[in-house]
Structure formats: C-alpha cells, structure tokens
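Here are the chains, one letter per residue:
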Amino acid sequence: MYVAVKGGEAAIDNAHAWLADRRRGDRAVAEIAPDQIREQLTLAVDRVMNEGSLYDRDLAALAIKQSRGDLIEAAFLVRAYRTTLPRFGATEPLDTGAMAVARRISATYKDLPGGQILGPTFDYTHRLIDFALAADGEPPRAPTAPADAAAMPRVTDLLAGEGLLEADSPYDPEAPVGDLTREPVTYPAARDLRLQQLARGDEGFLLALAYSSQRGFGSTHPFAGEIRMGEVELEFDCADLGFAVPLGSITVTECQMVNQFAGSADAAPAFTRGYGLAFGHAERKVMAMALVDRALRTQELGGEVVAPVQDQEFVLSHADNIQATGFVEHLKLPHYVDFQAELGLVRKLRAEWTARREARDAAADTLADREAAE
Amino acid sequence: MTASTATAAGGYAFAYLDDQTKRMIRRAILKAIAIPGHQVPFAARDMPMPYGWGTGGIQVTAAILGPADVLKVIDQGADDTTNAVSIRKFFKTTANVAVTTRTTEATVIQTRHRIPETPLGPGQILVYQVPIPEPLRFLEPRETETRVMHALADYGLMHVKLYEDIATHGRIAKTYAYPVKVEGRYVMDPSPTPKFDNPKMHLSPALQLFGAGREKRIYALPPFTHVVSLDFEDHPFEPTRFDAPCALCGATGVYLDEVVTDDAGGRMFVCSDTDHCETRRAEGHHGTEWAGEATEATA
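Everything numeric in this text was worked out from a predicted model, so none of it was measured.

## A few points about the overall build of chain A
Stage number 1. Looking only at helices and strands, one finds 12 helices and four strands in chain A.
Stage number 2. The globule rule puts the C-alpha radius of gyration for 374 residues at 21 Å, and the 29 Å found for chain A is more than 25% above it.
Stage number 3. Seen along its three principal axes, the alpha-carbon backbone of chain A occupies a region of about 105 × 70 × 55 Å.
Stage number 4. The long-range fraction of contacts in chain A, counting pairs at least 24 apart against all pairs at least 6 apart in sequence, stands at 65%.
Stage number 5. A total accessible area of about 22,400 Å² is found for chain A, and carbon and sulfur atoms account for 58% of it.

Okay, here's the thing in structure tokens:
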C-alpha cells in the first residue's frame, strides 16, 4: 500500500531545530559571540559586507554566526535584510585621496610622496601554522608612531598630472547614480553599473577571472599602481538642508591598476586604468576587481573581445554568488514531474531502438539463411 | 493606511515587500499583461529565499496578494512538497492570508512545474515560478542577441532546433518547457511544466503570471489568450499520454508520477496533482491500489 510522502511542515521544523543544535556545536565549549567575530574574524566580516552589499560590521558578524561560518550564506542573510531597508539617497563621492591611511603601497615607484606603508598585512609572513595561537596569552601591542601630516596623493594623480595616464571620466554631480539593484541591467552596461556588480561580486569568481587574464585569456599588462586601505569620511547630501552632512567614516580598500597604454590619432599614448574599491580590508578582492574592470573596458579602448574576462554579459551575469548558489542548489528541489516526462521519452526511444535493432538482426538472419541455402 | 501598508508579523511590510517595490512589480505585471508573452525586465529584489527557489513567483504573488485572497502553493503538483510548504508558510506569516490546498477555493495559485488538473476559472490567478524565462537561451546564450530575435520575431533558430530533434530522434524531443507561441507573436517558455500541461494554457479563463527572480523578468498571459505549442504540419504537437490510470483515484487523462514501490522493479503511477486525486477519492472514485476511506484510515 502506497503511503504518500507527507509531513513536509514537520520535517522542515525538525530540520531547523537540528540545524540550530549543530550551530551550537559541543556545549562544553564556550559559545562564540558576534562581537568576537566582529573583532577577531574581521576579514570574514569584510567579505560578507562586500558580497552582502551593506556596510554593517555587527550585522555581518551576526550573519556569520547564524550561517555557521558559511560566508556566502552570511552574505545572503545580509542581502535579504538589505531589501527591507528604506533608502534615503546617495552619499557624495568618497575622497580616497583624503583617506586616513593604514596601508598604502605602490608597485610602480620605489618611493613616492607619503611613502610606502605596509600596514597590517599577511605579505611577507611565512605561512607556518602558529601553534602559539592555540594557547592562552595576549600578543604584544603593535608599536605606534604619530601620523605623518604630509599629504598622500594617489599615484594615479601623480601620473595623470604628467598626462601619462588617461584622465578619470569627469564627475558630473547632476548625473544619476546607476543602481542595478533598482533597475535591471541591460547590455552593454555602463562602467558605473559594471563596477557596482564587481563590488558585490564573488571574490573567488573575480579572482579566477583576473587570474585568467594574467595567464593570457585577455591580457591587460597590469601594474599595481597603488593599493591603499584606511578610513574615509562619508558625506550625505541632504536635499532638505541644502548642504552635505558628515555621516561618519568607513574603512575601504582601493586599488588602481595601471595598464598598457592606448593611443590613437586623436589621443596621445597614455596608460589606462582599472579600478577596484571594496568595504573593509579586501586586497585580493580589489586587485581582482581592478583587473576585471580594465578587461571589461577592452571594447571601449578599441580592443577585440576574445576572452571570458572581457565579456560583459559573461562576467556581470555570473558574478553574483547569491544568485549563483541559489540556482546551482535549486537542483536539490524535487524535479520529478519533469524527470517523469524525460523518463517516458527515453523509454519510448529505447523501445524504438530495440525494435529497429531486432528488425535489422532478423533481416540479416534471413539473408544469411538464404545465402547458406544457395 | 491602506491594506497593503498594514504590517504583518515581525515588523515586516504586508507580504514582505515594501509599497514602492510592489508598485514597481505591479507596473511590470501590467505591461506584461498588455504585451502577452513578452518578457518585461523588473528590478527583482534579494528575497529571504534562495534564487532558483521561486523568488520570481514569490515577488509576483507578494505584489498581487490582498488580505482577502486565498492562496494555494504547489510544487510538482503537490501542496505538501517541502518548498511549497515553505512558501505557503512565508505568506501565512508575512501576509496572514487564508491558505488552501483546494484548487477551486484558491484565488491565487503559485506553482512550480505544474498546472492544476481542475480547470481554472475566471478571477483566478496562476503564478508560475520561472528559472530561465528565455525560450531561446539554450540556443543563444546572449541576452543582447535574444532580445533582437524577439523584437524581429526571428524564431528560425527554434524551428531548426525542433527540426533537428525530428532528424535525430524521429520526434520533437522536448518533454517539458516546451516552447509556445502566444497570440501568434512571441515565442514563450511555459516554465518547466511538462508539455502535458501546455494545452491548459490555451484560452484559459484565468490570468497567468510568470515571475523569474534571478533573471529579473516578468511575463503574462491574460485570460483567453491563444497559446499554441510549436510544431510542424507533419509532426504535430503531441501531449504526453499515460498507459494506465491513477492507481489511487483511477483518473485518466491526468499527469502521473511514477512511484517506485520496491527494489524489484515494482512501480505504480499516481496523480501528480494531489488535490485532484484527494477530491476524486472523496467523491468515491478509486484505483487499483486504494479501495476506499476505510483502508486509508487503517493504513
């Protein structure tokens, strides 16, 4: 006797209870608090803020706890929450030239105004597991020094001053701010929308695309002109007041890639730009983003689109890991109705195939019999 | 305060989405109804369910749902599949609407992969969850290209594909997401419903809305729209047929699920539409594997 598979509701409730229990883990071990995640897993928090498209360290930390450390799941939680938030407008453009810099390096100059500042970086650490971290004990405080009051101009500004680097597109304060979360993307997409999608995009996907361009699938011959990380002030242009109001400061990482020159009869040869900007400390992300941004400019700079990284539709429509993970994982949902339809067709095709084979064999047998008889 | 701004449980807006978003979606729906079969872009939001799990249908339902509506949600034709349960629960929580499993009682039916067997009536709305709204996508992956093809009604590529099927397999080897032509103009993906259901779309008195969240598209079939499955004169469209009736309710001419009953090749075929099957059994119909109410009570 067939019993229908019922009880979806109870099954779901039980699954959620089990999930919560697994999240807690061994109850003999102290429970992790969101502020510990916020303070000690800062780079995970930064990634979730970027891919979740919302600057909120506490919320991202809580999402990481709720998702058991699955960062794409955490970004998904943040995204869904973001949908419910009201919008008041857009801030003034960030002035990253006025950044309170914690790290700033340039690969194109040995030294430059403001100097090279390594900051808190994994670079030059030897990747040896530090067993001391498993033991108790506080690390010594890092040495400090008074901040250098000297200005720290962006490397790209130094280059552009000489005309060696293509100028940034002029800023028009009246131009509307593109937002692909409010208007569906149409292709070709302008650079503001492309950069927005890259900023929200999956770090791993961008990394692989950037790497592919370095290995020759759409090369851009890049130099890391500058990578800087630090705090910048946010100003919100309040229409009611008629002037910009400071909202506070956020930490961002910026990368300016300087790429092989372009020139034409109308424009003198100059280096071209690729740009990356992300919340928090996210160097891998902004470097990959800058490489991909430059590659996506191939057509506008007179190049031929031949590699995936240069292809807008390919890059932009697959960069979002919330969409990607949802669609890949939806294959877990029941598909038995469609599978039934395919089953029926394959059975029919196999039956026809067998009938044809038998008819052929029978014909061959008849022929063989006849030949044997002759 | 209108009904749609009234807040439901948890401090979220009625049916989760804020009024501005609903207005944007309703505009897209109206445009879609005005141009049957045409895919209208809309700014789909990140929903609290994963992309690919019905976010398009959920947003359409959220935008059209009113407090007096009666909602039915099915997946694979069944009301009790996990994702249908999850979506029904979502609207019960966020919109506090009445829910039902009875096709005839529902004003809004959200579905994945099936059209109910009970014919829909005027005033009912069927909301489809759509994964890939573009019928030409697997023939031409680029949106820039397919948009032009739709604009020019250039569907040669699709006909070539169907012809190639016949050349290879002797028939059009498409069993679900079988393309249809709407009002003689747009070729449309009916969502991955089995082709068995295609004829139900034709001249349906109900309004049919299609939502694709990840792909950010909405399209529609207003009531009494001509919906014709693509075919050739010498290879006419053939809906799937089953050899046996439903083993539980004895229905014929309905879509059946194959249920494996043991590991020795035993299988039975039962209605995919659970409401249809239960209603028939309540009316006294029965098949070979179900003798009547008493049997079920002791089972």
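Right, picking up where we left off after that structure.
## Let's talk about the sheet that holds strand β1 (residues 100-105) of chain A
Residue and element names in this part refer to chain A.
Stage number 1. In spatial order, the strands read β1-β2-β3-β4; together these four strands make up an open sheet with antiparallel pairing. The sheet is open, and its two borders are formed by β1 and β4 (270-279), each paired with just one other strand. For this sheet, the mean inter-axis angle between neighbouring strands, taken without regard to orientation, is 30°.
Stage number 2. With five bridges connecting them, β1 and strand β2 (residues 223-238) associate as antiparallel partners. Among the inter-strand pairings, R104 is bridged to a residue of β2, identified as R228.
Stage number 3. Strands in contact with helix α9 (residues 283-296) are β1, β2, β3 (243-262) and β4; relative to β4, the strand with the most contacts, it is inclined by about 140°.

## Looking at the interface of chain B and chain A
Stage number 1. On the chain A side, the residues contacting the 60 residues of chain B number 44 residues.
Stage number 2. For chain B, the biggest contributors to the area lost against chain A are D46, W53 and R171 of chain B; these three give 13% of the whole.
Stage number 3. A salt bridge links E258 of chain B to R347 of chain A; the shortest N-O distance between them is 2.8 Å.
Stage number 4. Between chain B and chain A we count 21 residue pairs in polar contact (both at pLDDT 80 or more) in total.

## Overview of the domain arrangement of chain A
Stage number 1. Domain parsing of chain A yields domain 1 (9-83), domain 2 (96-122 + 150-169 + 181-328) and domain 3 (335-374).
Stage number 2. Distance between the C-alpha centres of domain 2 of chain A and domain 3 of chain A: 61 Å.

## Concerning the nonpolar core
Stage number 1. Counting residues in hydrophobic clusters, the biggest one holds 36 residues, and the most contacted among them are I25, F91 and I218 of chain B.
Stage number 2. Listed by contribution, the elements that provide at least two residues to this core are α1 (19-34), α2 (55-64), β2 (70-75), α3 (82-95), β5 (125-129), β8 (207-212) and β9 (217-221) of chain B.
Stage number 3. Setting aside its immediate chain neighbours within four residues, I218 of chain B contacts I25, A28, I29, A32, H38, Q39, V40, F42, V60, F210 and G211 of chain B.
Stage number 4. Ranked by size, the runner-up nonpolar core spans 29 residues in total, among them L180, L206, A288 and A307 of chain A.

## Looking at the domain arrangement of chain B
Residue and element names in this part refer to chain B.
Stage number 1. Each assigned domain of chain B is listed here: domain 1 (3-229) and domain 2 (256-298).
Stage number 2. Put simply, the middle of domain 1 and the middle of domain 2, counted by C-alpha atoms, are 29 Å apart.
Stage number 3. In this complex, domain 1 contributes 12 residues to the contact, which on the side of domain 2 involves six residues.
Stage number 4. Per-residue buried area on domain 1 facing domain 2 is highest for G77, R102 and E117; these three make up 42% of the total on that side.
Stage number 5. Summed over the shared surface of domain 1 and domain 2, the number is one salt bridge.
Stage number 6. Measuring nitrogen to oxygen at the nearest pair gives 3.4 Å for the salt bridge that ties R102 to D275.

## Side note on the side chain of R294 of chain A
Residues and elements named next belong to chain A.
Stage number 1. With respect to the element layout, R294 can be found in helix α9.
Stage number 2. A distance of 2.8 Å separates the side chain of R294 from the side chain of T272, its partner in a polar contact.
Stage number 3. Once residues within four sequence positions are removed from consideration, R294 is found in contact with T220, N259, Q260, T272, R273, G274 and L301.

## With respect to helix α11 (residues 321-329) of chain A
Stage number 1. Within α11 of chain A, burial applies to N321, I322, Q323 and G326 of chain A.
Stage number 2. Sitting at the head of α11 of chain A, D320 of chain A places a side-chain oxygen 2.9 Å from the backbone nitrogen of I322 of chain A.

## Brief notes about a negative patch on the surface
Stage number 1. Residues E358, D361, D365 and D369 of chain A make up a contiguous surface patch of negative charge.
Stage number 2. With respect to the helices and strands, the residue D365 of chain A is situated in helix α12 (residues 336-373).

## Comments concerning the packing of α1 of chain B against α2 of chain B
All names here are of chain B.
Stage number 1. Interaxial distance between α1 and α2 falls to 9 Å at its minimum, and their mutual angle equals 100°. Comparing their axes, α2 and α1 come out roughly perpendicular. Contacts between α1 and α2 involve K22, I25, R26 and I29 on the former and, on the latter, Q59, V60, A62, A63 and I64.

## Quick notes on the pattern of salt bridges
Stage number 1. One pass over the full model with this rule turns up 41 salt bridges over all chains.
Stage number 2. Of the charged contacts in the structure, one is a salt bridge between R103 of chain A and E283 of chain A, with a shortest N-O distance of 2.5 Å. Note that R103 of chain A is positioned in strand β1 and E283 of chain A in helix α9, a separation of 180 residues in sequence.
Stage number 3. Residue R103 of chain A is classed as buried on the basis of its relative accessible area of 0%.
Stage number 4. Overall, E283 of chain A belongs to the buried group, its relative accessible area being 15%.
Stage number 5. Through salt bridges with shared partners, a single ionic network connects R79, R200 and D320 of chain A together with D46 of chain B.

## Topic: the environment of E235 of chain A
Residue and element names in this part refer to chain A.
Stage number 1. Tracing the sequence through the fold places E235 in strand β2.
Stage number 2. As for E235 and G248, which are separated by 13 residues in sequence, their C-alpha atoms are 7.6 Å apart.
Stage number 3. When residues no more than four places from it in sequence are discounted, the contact partners of E235 are T91, E92, A244, V245 and P246.

## A short note on the packing of helix α3 (residues 42-52) of chain A against helix α4 (residues 57-66) of chain A
Residues and elements named next belong to chain A.
Stage number 1. Interhelical geometry of α3 versus α4 gives an angle of 100° and a closest axis separation of 9 Å. What the angle tells us is that α3 and α4 run roughly perpendicular. Within the contact between the two elements, α3 uses T42, A44, V45, D46, V48 and M49 and α4 uses R57, A60, A61 and I64.

## A look at helix α5 (residues 71-83) of chain A
Every α-helix carries 3.6 residues per turn, so stepping three or four residues along brings you back to the same face.
All names here are of chain A.
Stage number 1. Between its first and last C-alpha, α5 extends 19 Å over 13 residues, near the 18 Å set by a 1.5 Å rise per residue.
Stage number 2. Three or more residues of α5 are buried, namely A74, A75, F76, V78, R79, A80, R82 and T83.
Stage number 3. Its side-chain oxygen placed 3.2 Å from the backbone nitrogen of I72, D70 serves as the N-cap of α5.

## A few points about the state of the cysteines
Stage number 1. Counting across every chain of the model gives zero disulfides over all chains.
Stage number 2. In this structure C249 of chain B is a free cysteine whose sulfur lies 3.6 Å from that of C271 of chain B, the closest cysteine sulfur available.

## A few points about the pairing of β8 of chain B
All names here are of chain B.
Stage number 1. Within β8, six of the six residues are buried, which leaves it mostly tucked inside the rest of the structure.
Stage number 2. On β8, burial covers both faces: L207, L209 and G211 on one face and Q208, F210 and A212 on the other are all buried.
Stage number 3. Both β5 and β8 contribute to a ladder of five bridges, which runs parallel. The partner of I125 across the bridge, within β8, is L207.

Quick notes on the rules
Counting restarts for each chain, with residues numbered from 1 along the sequence as it is written. Key to labels: chains lettered from A, ligands numbered from 1, both in the order written. This being a predicted model, a pLDDT of at least 70 is required before a residue's local features are given, and a value of 80 or more before pairs of side-chain atoms are given or counted; all residues contribute to the totals for chains, interfaces and linings. Values shown for side chains rest on all heavy atoms present in the structure; no hydrogens or waters enter the calculation. The helix and strand labels rest on DSSP assignments: H or I over at least four residues marks a helix, E over at least two residues marks a strand, and numbering proceeds from the N terminus. Here the globule rule is a power law, 2.2 Å times the number of residues to the power 0.38, and the radius of gyration is based on C-alpha atoms. The criterion used for residue contact is that any of the two residues' heavy atoms lie within 4.5 Å. Areas reported as accessible are Shrake-Rupley estimates using a 1.4 Å probe. Residue values count occlusion only from the protein chains shown. By the convention used here, strands pair only if DSSP detects at least 2 bridges between them. Only the stretch in contact is used when a helix axis is fitted, and all axes are lines through C-alpha atoms; the angle between N-to-C directions ranges over 0 to 180 degrees. By definition, the buried area sums, over both parts, the 1.4 Å-probe accessible area that each loses when the two are put together. Here, a salt bridge means any side-chain nitrogen of Lys or Arg that lies within 4 Å of a carboxyl oxygen of Asp or Glu. In protein, a polar contact requires one atom able to donate a hydrogen and another able to accept it; more generally it is a pair of N or O atoms within 3.5 Å, and residues adjacent in sequence count only if both atoms are side-chain atoms. What fixes the domain bounds is an automatic or database domain assignment. Only buried residues count toward a nonpolar core, which is a set of Ala, Val, Leu, Ile, Met, Phe, Trp, Tyr and Cys residues joined through side-chain atoms within 4.5 Å. Note on classification: 1.4 Å probe, protein chains only; a residue is buried when its accessible area is under 20% of the maximum for its type, exposed when over 50%, partly exposed between these limits. A residue counts toward a patch only above 30% relative accessible area and without a salt bridge, and it is joined to like-charged neighbours within 9 Å or, for Val, Leu, Ile, Met, Phe, Trp and Tyr, to nonpolar neighbours within 5 Å. In this tally, Lys and Arg are treated as positive and Asp and Glu as negative; His is ignored, and so are the chain termini. Each charge is placed at NZ for Lys, CZ for Arg, CG for Asp and CD for Glu. Each angle is binned into one of four classes, with values under 35 degrees roughly parallel, values over 145 roughly antiparallel, values of 65 to 115 roughly perpendicular, and all other values oblique. Here the expected length of a helix is defined as 1.5 Å per residue gap, with one fewer gap than residues. Here, two cysteine sulfur atoms that lie within 2.5 Å of each other are counted as a disulfide.

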